[in-house]
Amino acid sequence: MARFLTDGRIDLKSMTLDELQAELVALGHPRFRAKQVYKWVWQRGVSDFMDMSNIAKDARTQLAEHFSIDFLAPAMRLDSEDGTTKYVWQVADGHHIESVLIPDPGIEGHSKPRMTLCMSSQVGCAMACSFCLTGDLGLTRNLRPAEIINQALQVQASLPEGQRITNLVFMGMGEPLHNLSNLLRALGVLLDEDGLNFSHRKVTVSTVGLVPQMLKLASVTPVNLAVSLNATTEETRAQVMPITRRYGLEDLMRGCREFPLPHAKRITFEYVMMRGFNDTWDDAARLVKLMSGVKSKVNLIPYNENPQREILRPSDEHVKAFQHFLVSRGVQCSVRRTRGIDVSAACGQLGKATQGLRIEEANIEGPTVSLDDAPA
Ligand code: SAH
């Protein structure tokens with residue numbers, strides 16, 4: 001059993017319910033204790049064993065000696081003009097990670113309102129996609145299960161009464177499938193009805209295309225899969241996504257065709273559109289071909305320009321025409337609306353803006369779920 005420690009105690013929030021039960025039974029607790037503790041931690045968000053009022057006092061004291069209940073320290077909160085909020089967190093070893101909350105009012109009679117949380121899975125990222133600013137950071141370390149889940153727990157706790165996160169997407173910093181075992185533990189809690197109780201229909205894991213890990217993920221949980229495709233030939237994809245040299249385009253598409261999709265689900269293919277690089281009509285035609293035989297939908301992401309890259313975003317008209325090309329050939333295709341660009345919360349922008357960020361009084365010890373006093 002993998003164990004994560006905080007100050008010599010076991011990091012309780014990184015444990016699965018089964019592991020917690022085994023540990024507590026070994027300490028002499030009754031079997032039902034694990035679920036009690038788990039619910040206090042995940043459904044009530046408590047930070048102190050002493051608040052677990054249905055557990056005997058001496059048992060609480062013993063638990064507190066044995067386990068820690070960790071939280072992320074809120075470092076900064078940035079509100080975009082478009083309603084998107086970027087949360088910057090400091091993790092215990094001083095690094096920063098980010099989560100982005102994206103409200104969408106929906107369209108009456110067409111789509112429901114949504115509140116999507118974009119979550120990080122690593123500090124930095126090892127995939128080094130040339131167009132992505134997070135890639136410039138390199139990989140510092142994997143996030144622990146607790147650090148992944150706490151993003152959802154703590155953002156939820158910061159919302160006004162009655163507002164709920166409806167969807168989770170692993171499209172923040174890091175490559176989630178490069179941190180697969182911690183991701184799977186986190187997903188266990190996020191999907192558990194005694195945990196955060198999200199439906200697998202509302203959770204999406206996005207990957208550069210780590211083919212064996214994709215299939216492993218599917219064997220454990222039916223969450224949605226998104227694949228960042230971003231190019232239509234082996235050569236062009238390898239130019240911008242080094243992972244292509246490990247898992248070539250053909251291997252990737254074979255993995256997608258073999259992916260055991262649950263009923264009524266499709267794989268989302270993210271396609272970042274970069275002017276003159278992957279937005280020609282030849283690309284569009286190749287994309288249609290690549291999608292044949294895969295239950296898929298394509299999500300076009302017009303490139304978010306930035307001073308660190310010379311890459312240009314195609315015009316809105318061109319993106320629309322590209323979409324039309326695909327749709328008229330039977331490929332489901334949507335265009336991702338750019339959100340949070342003014343606070344560097346848009347796709348591919350995470351991490352860069354907070355490098356060099358200084359937090360005067362980072363509250364690492366004192367667990368808190370309130371973000372109200374974080375500077376805006
Ligand atoms: N590592 C995973 C999760 C990150 S998702 C993955 O790559 O799928 C982040 C998404 O943003 C990816 O689809 C990536 O291709 C896209 N992206 C990166 N930089 C971008 C930019 N500048 N503009 C638009 N999309 C970008």
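Calculation rules
- Counting of residues starts from 1 at the beginning of each chain's written sequence and follows it residue by residue.
- At least 70 in pLDDT is required for a residue's local features to be given in this predicted model, at least 80 for side-chain atom pairs to be given and counted, and no such filter applies to totals for whole chains, interfaces and linings, which use all residues.
- Note that water and hydrogens are dropped before the side-chain values are worked out from all heavy atoms of the structure.
- In this text, helices come from DSSP runs of H or I with a minimum length of four residues, and strands from runs of E with a minimum of two, each type numbered from the N-terminal end.
- With the radius of gyration taken over C-alpha atoms, the globule rule is written as 2.2 Å times the number of residues to the power 0.38.
- Burial classes: relative accessible area under 20% of the type maximum marks a residue as buried, over 50% as exposed, and values in between as partly exposed (1.4 Å probe, protein chains only).
- Contacts are assigned to residue pairs that have any heavy atoms within 4.5 Å of one another.
- The Shrake-Rupley method, run with a 1.4 Å probe sphere, supplies the accessible areas, and residue values consider only the shown protein chains as cover.
- His is not counted, nor are the chain ends; Lys and Arg add positive charge and Asp and Glu add negative charge.
- Charged groups are reduced to one reference atom each: NZ for lysine, CZ for arginine, CG for aspartic acid, CD for glutamic acid.
- Note on pairing: DSSP must find at least two bridges between two strands before they are called paired.
- For helices, the fitted axis covers only the stretch in contact; all axes are lines through C-alpha atoms, and the angles between them, taken along N-to-C directions, range from 0 to 180 degrees.
- The span expected for a helix works out to 1.5 Å for each residue beyond the first.
- We define proximity as follows: a residue is near a molecule or strand when any one of its heavy atoms falls within 4 Å of that partner.
- Side-chain atoms alone can form a polar contact between residues adjacent in sequence; in general such a contact is a pair of N or O atoms within 3.5 Å, and within protein one must be able to donate a hydrogen while the other accepts it.
- In this description, a nonpolar core means a group of buried Ala, Val, Leu, Ile, Met, Phe, Trp, Tyr and Cys residues linked to one another through side-chain atoms lying within 4.5 Å.
- Domain start and stop positions are those given by an automatic or database domain assignment.
- In this scheme the handedness of a crossing depends on how the near helix is turned from the far one: anticlockwise by less than a right angle means left-handed, clockwise means right-handed.
- Accessible area, probed at 1.4 Å, shrinks when two parts are joined; the buried area is that loss added up over both.

1. Let's talk about the overall build of the protein
- Tallying secondary structure elements over the protein gives eleven helices and 15 strands in all.
- Against the compact-globule benchmark of 21 Å for 376 residues, the protein has a radius of gyration of 21 Å, which places it among compact chains.
- Across its three principal directions, the C-alpha atoms of the protein cover 70 × 45 × 45 Å.
- Classification of the 376 residues of the protein by burial places 53% in the buried group.
- Intrachain contacts of the protein at a sequence separation of at least 6 include 65% that bridge at least 24 residues.
- For the protein, the accessible surface area stands at approximately 17300 Å², while carbon and sulfur atoms represent 49% of it.
- The average position of the 42 basic charges and that of the 43 acidic charges among the side chains of the protein differ by 6 Å.

2. Focus on the sheet that holds strand β11 (residues 203-207)
- Taken in spatial order, the ten strands make up an open sheet running β4-β5-β6-β7-β10-β11-β12-β13-β14-β15, and their pairing is mixed. One side of each edge strand has no neighbouring strand; the edge strands of this open sheet are β4 (73-79) and β15 (333-335). Each strand axis lies, on average, 20 degrees off the axis of its neighbour in the sheet, ignoring direction.

3. Observations concerning the pairing of β4
- As paired strands, β4 and strand β5 (residues 85-90) are joined by six bridges and run antiparallel to one another. Its bridge partner lying in β5, methionine 76 is registered against valine 88.
- Connecting β4 to the next strand, β5, in antiparallel fashion are five residues, including glycine 83 with a positive phi near 95 degrees.

4. Let's talk about the sheet that holds strand β1 (residues 5-6)
- The mixed open sheet is built from three strands, whose spatial order is β1-β2-β3. The strands lining the two open edges of the sheet, one partner per strand, are β1 and β3 (67-68).
- For β1 and strand β2 (residues 9-11), the ladder comprises two bridges, and the chain directions are antiparallel. Among the inter-strand pairings, threonine 6 is bridged to a residue of β2, identified as arginine 9.

5. Re helix α6 (residues 180-191)
- Between its first and last C-alpha, α6 extends 16 Å over twelve residues, near the 16 Å set by a 1.5 Å rise per residue.
- Extensive coverage of α6 is indicated by the burial of nine of its twelve residues.
- Restricting attention to buried positions, one finds in α6 the residues Leu180, Asn182, Leu183, Leu184, Arg185, Ala186, Leu187, Val189 and Leu190.

6. Digging into the site of the ligand
- Looking at the ligand, there are 19 residues lining it, with Glu175, Ser206, Ser228, Tyr303 and Asn304 nearest.
- Between the ligand and serine 206, the relevant distance is 2.6 Å, taken from an oxygen atom to a side-chain nitrogen or oxygen of the residue.
- Across the complex, the protein chains shield 95% of the 540 Å² of accessible surface that the ligand would expose by itself.
- Of all the secondary structure elements, the ones that give two or more residues to the shell around the ligand are β11 and β13 (267-273).

7. Some words on unusual backbone geometry
- Although it is not a glycine, asparagine 197 sits at a positive phi angle of roughly 60 degrees.
- Assignment of secondary structure puts asparagine 197 in the loop between α6 and β11.
- Of the residues examined, asparagine 197 reaches a relative accessible area of 49% and is grouped as partly exposed.
- One non-glycine residue, serine 344, lies in positive phi territory at about 50 degrees.
- Tracing the backbone through its elements, the reader meets serine 344 in the segment after β15.
- For serine 344, a relative accessible area of 22% gives the class partly exposed.

8. Concerning the nonpolar core
- Counting 99 residues, the largest nonpolar core has Val37, Leu187, Leu217, Phe269 and Val298 as the members making the most contacts within it.
- Of all the elements, α6 adds the most residues to this core, at seven residues.
- Summarising the domain contributions, this core has at least three residues from each of domain 1 (5-68) and domain 2 (73-343).
- With near-sequence residues (within four places) excluded, valine 298 lies in contact with Phe269, Tyr271, Leu287, Met291, Leu326, Val331, Gln332, Cys333 and Ser334.
- In this structure, Val100, Cys118, Ala345 and Leu350 belong to the second largest nonpolar core, which totals seven residues.

9. Brief notes about the packing of helix α10 (residues 281-291) against helix α11 (residues 316-327)
- Viewed as axis vectors pointing N to C, α10 and α11 meet at an angle of 35 degrees, and their least axial separation amounts to 9 Å. Read as a crossing pair, α10 and α11 show a hand that is right-handed. Between α10 and α11, the residues in contact are Trp281, Asp283, Ala284, Ala285, Leu287 and Val288 and His318, Ala321, Phe322, Phe325 and Leu326, respectively.

10. Focus: the domain arrangement of the protein
- Assigned domains within the protein: domain 1 (5-68) and domain 2 (73-343).
- Averaged C-alpha coordinates put domain 1 and domain 2 at centres separated by 33 Å.
- Across the contact, 16 residues belong to domain 1 and 14 residues belong to domain 2.
- With both sides pooled, the region where domain 1 packs onto domain 2 buries about 1200 Å², and carbon together with sulfur makes up 45% of that total.
- Counting the surface domain 1 buries against domain 2, the share from its top three residues, Ser14, Tyr38 and Trp42, is 44%.

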